[in-house]
Amino acid sequence: MIGLISATAAGAAARDRLAAAWPERTRVYEGPVGDAVRAAFAECEQLVCFLATGAVVRLVAPLLGDKASDPGVVCVDEGGRFAVSLVGGHGGGANELAREVGGLLGAEPVVTTATDAVGIPGLDTLGMPYEGDVAGVSRALLDGEPVALVPEVVWPLPPLPLAAEGDRRIRVTDRADEPADGEVLLRPPTLVVGVGASKGASVEEVLGLVRASLREAGLSPRSVAELATVDAKSEEAGIVGAAALLGVPVVTYPAEELAGVEVPNPSGAPLAAVGTPSVAEAAALIGGGELLVPKRKSERADGQPAMATCAVVRRPARGRLAVVGLGPGARDLLTPRAEAELRRASVLVGLDQYVDQIRDLLRPGTRVLESGLGAEEERARTAVAEARKGQAVALIGSGDAGVYAMASPALAEASDDIDVIGVPGVTAALAAGAILGAPLGHDHVSISLSDLHTPWEVIERRVRAAAEADIVVTFYNPRSRGRDWQLPKALAILAEHREPATPVGVVRNASRPDESSRLTSLAELDPATVDMMTVVTVGNTATRNIAGRMVTPRGYRWQASQEGPK
């Protein structure tokens, strides 16, 4: 929960805007400011104070305990010009909160954390437990000193300016080692602990078995991702309680799925009890991986039979592929989610001209793999191959990456051995539509006129179907030097079903500095004025030119007056 505190009418107005935008995330604190800050500090994970920074410093200073547990505090000035990350930039999430608040209120986020200021991700912001000399290694990174990466297990990391060797190092490991001098240990969630338990098994017995198994195998409990078991044990108190104390979820599988997993130590007891010859090993191995601890039973001090079993598997490294739509070109039409994925990726794959658009957003250390026009399938294969190595990869495309762009060739190459994240972008059709007015107000379709990958016979059939169905059509890739007859042919097909005066919008380089647009008609459009940087939108029989804007009504009935559609 985010506590909101203000002292003046101007601050309250901004506070109320935030509360209205985030009703489930925020709580407004009224009353004397000092009392409100103290209450919010004790009850909330984060605070946004619409007060002067000096006042907030004096109010929160006596309340500060430890940066790992203190809430993040953001200050917004009376004029709403700045959102300052004051306390808990990383641990309390104040840096990211300042950016969110700034985006919502139109304020400039002010982040002074050293790593954020130079574009290096903080080692305490990587989403995994860490140990060791974080301050010293971070300082070395900031000073440009060589810091080595030692990946004992492969895990996708954001870009870091690392060297092959160095006096300081970052070790990615799930081993239960102590960090050496000048070393940071990162604990990725690589371990799956399969657990079986008899009815009534205690939390102490299950937890003791898990901890003993990890300890004796030299594995860190901080790298445990989940406790896995059979569906029938989803509410077994011993398993649920042990998972809660370890801070991990319980993941369950049907008995019939577990029965299909080949294990080294099957048993008749679980087969009779829950319908599978293995619970612990099968639940741990169902997603693949290396069996580090075969099934073992708990040992009870009272000499009674064991009531718990467990097995430990190191799951395969899963790379991360984000397929990112950059929008039509304008920086303010690049979504915050897309920008976050660009900064998260350690490998960027893309068309050279698209890479140039966003190169300044990349963190230091990002490896860029760029190529020219016509290499779409090669880029897709490259991105998937890098993800399979365990990298965090961003594959970029213009507009929305799923619309005539890189998502489909990439997903055709990918299998379920990597995580794929789609990041939507503003398409050329949408950008052009916004410039023209509202041409897509009713049913509409996008058709590419490029026959490089699709036979013209198929394209023509689609154009004819859209014409007969009276659907607004946006043409992508309408005309190039080597393809100059397709657009006239497509327009002629539409003209068989639409009046010569049907509005047609033509937008070139939508949202870019050299953007141009015009509204013409089906009879008057000269295809020679169109090129590959142009989007052509042809209206349906209801589309109108209203005050120079292209408008397709949501319905087909118009008012008798000139006020527009009902």
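Everything numeric here is computed off the predicted structure, so don't read it as measured data.

Engineer: I'd like to hear about the side chain of S450, residue by residue, with values.
Structural biologist: Of note, S450 is situated in the loop between strand 22 (444-448) and helix 17 (456-468). For S450, a relative accessible area of 14% puts it in the buried group. In terms of polar contacts, S450 uses its side chain to reach the backbone amide nitrogen of L452, at 3.4 Å. The residues touching S450, leaving out its near neighbours within four places in the chain, are I459, N477 and R483.

Engineer: So, unusual backbone geometry: which residues are in play, and what are the values?
Structural biologist: Backbone phi values are negative for most residues with the exception of glycine, while trans is the configuration of most peptide bonds. One non-glycine residue, Y404, lies in the positive phi region at around 50 degrees. Tracing the backbone shows Y404 in the loop between strand 19 (392-397) and helix 15 (407-413). In this model, D470 sits at a positive phi of 60 degrees, which is unusual for a non-glycine residue. Secondary-structure assignment places D470 in the loop between helix 17 and strand 23 (472-476).

Engineer: Please provide a residue-by-residue account of the sheet that holds strand 8 (residues 147-151), values included.
Structural biologist: Across the sheet, 4 strands lie side by side as 7-10-9-8; this open sheet has mixed pairing. Here the strands that pair on one side only, and so sit at the sheet edges, are strand 7 (130-132) and strand 8. Put simply, the sheet's adjacent strands are angled 20 degrees from each other on average, direction ignored. The strands touched by helix 6 (residues 134-142) are strand 7, strand 8, strand 9 (168-172) and strand 10 (183-186); relative to strand 9, the strand with the most contacts, the crossing angle is about 115 degrees.

Engineer: Lay out the packing of helix 1 (residues 9-21) against helix 4 (residues 94-105) in plain terms, naming residues and giving numbers.
Structural biologist: Contact geometry of helix 1 with helix 4 gives a least axis separation of 11 Å together with a crossing angle of 105 degrees. Relative to helix 4, the element helix 1 lies roughly perpendicular. Side by side, helix 1 and helix 4 meet where A14, R17, L18 and A21 of the first sit next to V101, L104 and L105 of the second. Class assignment for the residues of the contact of helix 1 with helix 4 results in 6 nonpolar, no polar and 1 charged.

Engineer: Which residues make up the state of the cysteines, and what values go with them?
Structural biologist: Tallied over the full model, the rule gives 0 disulfides. Here C75 stays free of any disulfide, with the sulfur of C49 as its closest cysteine sulfur at 5.5 Å.

Engineer: Talk me through the pairing of strand 15 (residues 308-314); I want residue IDs and the actual numbers.
Structural biologist: Side-chain direction in a regular strand flips from residue to residue, so the side chains alternate between the two faces of the sheet. Burial runs high along strand 15: 7 of the 7 residues are buried. Burial along strand 15 is two-sided: the face carrying A308, C310, V312 and R314 and the face carrying T309, A311 and V313 are both buried. Examined bridge by bridge, strand 11 (residues 191-197) and strand 15 share 7 bridges and lie antiparallel to one another. Along strand 15, the bridge assignment pairs L191 with R314. Alignment of strand 14 (residues 290-297) against strand 15, held across 5 bridges, turns out to be antiparallel. Bridged to L291 within strand 15 is V313.

Engineer: Kindly report on helix 14 (residues 376-388), identifying the contributing residues and their values.
Structural biologist: The α-helix advances 3.6 residues per turn, and as a result positions three or four apart in sequence lie on the same side. End to end, helix 14 covers 19 Å across 13 residues, agreeing with the expected 18 Å (1.5 Å per residue, within 8%). Taken together, the buried positions of helix 14 are occupied by R379, A380, A383, V384, E386 and A387. In an axial view of helix 14, the angular spread of the buried residues amounts to 160 degrees, which keeps them on one side of the axis. Where the residues of helix 14 are buried, they touch strand 16 (320-325), strand 17 (347-351), strand 18 (367-371), strand 19 and helix 15. Positive phi shows up at G390, right after helix 14, with a value of about 95 degrees.

Engineer: Would you mind going over the sheet that holds strand 22 in detail, with residue names and values included?
Structural biologist: A sheet is described by the order of its strands in space; here 5 strands give the open sequence 22-23-26-24-25, paired in mixed fashion. At either margin of the open sheet sits one strand with a lone partner, and together these are strand 22 and strand 25 (516-521). Adjacent strand axes in the sheet meet at a mean angle of 20 degrees when their direction is disregarded. Here 5 bridges tie strand 24 (residues 503-508) to strand 26 (residues 534-538), and the two strands are oriented antiparallel to one another. Each bridged residue has a counterpart across the sheet, and for V506 the counterpart in strand 26 is V536. Contacting strand 22, strand 23, strand 24, strand 25 and strand 26, helix 16 (residues 428-436) crosses the sheet at an angle of about 115 degrees to strand 24. Of the strands in this sheet, strand 23 and strand 26 touch helix 18 (residues 486-495), which is tilted by about 175 degrees from strand 23.

Engineer: Describe in detail the pattern of salt bridges, supporting the description with residues and values.
Structural biologist: Applying the stated criterion across every chain yields a total of 32 salt bridges. For R171, the salt bridge is made with D177, and the minimal N-O distance between the two is 2.9 Å. Judged by its relative accessible area of 29%, D177 falls in the partly exposed class. In this structure, E341 engages R320 in a salt bridge whose closest nitrogen and oxygen atoms are separated by 2.6 Å. Pair noted here: E341 is in helix 12 (residues 336-344) and R320 is in strand 16, with a separation of 21 residues, a long-range link. Salt bridges here are not isolated pairs; linked through shared partners, they connect E152, R169, R171, D177 and E183.

Engineer: So what about the nonpolar core? Which residues, and what values?
Structural biologist: One finds V193, V195, V206, L214, L227 and V312 to be the most contacted residues of the largest nonpolar core, which totals 22 residues. Only strand 11, helix 7 (203-216), strand 12 (224-230), helix 8 (237-246) and strand 15 provide two or more residues apiece to this core. Formed by 21 residues, the second largest nonpolar core is a distinct cluster that contains L449, F475, L487 and V538.

Engineer: Describe the environment of V192, with residues and values.
Structural biologist: Mapped onto the fold, V192 is located in strand 11. Between the alpha carbons of V192 and R381 there is a distance of 30 Å; along the sequence they are 189 residues apart.

Engineer: Explain the packing of aromatic side chains residue by residue, including any values.
Structural biologist: Tallied over the entire structure, the rule returns 2 aromatic pairs. For the ring pair Y404 and Y476, a centre distance of 4.7 Å and an interplane angle of 50 degrees mean the geometry is tilted. Of this pair, Y404 sits in the loop between strand 19 and helix 15 while Y476 sits in strand 23, and the two are 72 residues apart along the sequence. Assessed through its relative accessible area of 44%, Y404 is described here as partly exposed. Centre to centre, the rings of W456 and W485 are 5.0 Å apart; their planes meet at 70 degrees, and the pair counts as edge-to-face. Of the two residues, W456 is situated in helix 17 and W485 in the loop between strand 23 and helix 18; the sequence distance between them amounts to 29 residues. For W485, a relative accessible area of 41% puts it in the partly exposed group. The ring of W22 is capped by R25, whose NZ or CZ atom sits 4.3 Å from the centre of that ring.

The rules behind the values
Residues numbered from 1 in each chain as written. Predicted model: local features only at pLDDT ≥ 70, side-chain atom pairs only at ≥ 80, totals over all residues. Heavy atoms only, no water. Helix = DSSP H or I, 4+ residues; strand = E, 2+ residues; numbered from the N terminus. Buried < 20%, exposed > 50% of the residue type's maximum accessible area, 1.4 Å probe, protein only. Polar contact = N/O pair within 3.5 Å; in protein donor to acceptor, adjacent residues only side chain to side chain. Contact = heavy atoms within 4.5 Å. Pairing = 2+ DSSP bridges. Axes fitted to C-alpha atoms, helices over the stretch in contact; angles between N-to-C directions. Parallel < 35°, antiparallel > 145°, perpendicular 65-115°, else oblique. Nonpolar A, V, L, I, M, F, W, Y, C, P; charged D, E, K, R; others polar. Disulfide = S-S within 2.5 Å. Expected span 1.5 Å × (residues − 1). Arc of directions from axis to C-beta. Salt bridge = Lys/Arg side-chain N within 4 Å of Asp/Glu carboxyl O. Core = buried A, V, L, I, M, F, W, Y, C linked by side-chain atoms within 4.5 Å. Phe/Tyr/Trp six-rings, centres within 6.5 Å; stacked < 30°, edge-to-face > 60°. Lys NZ or Arg CZ within 6 Å of the ring centre and 35° of its normal.

Any link to function would need more than the numbers given here.
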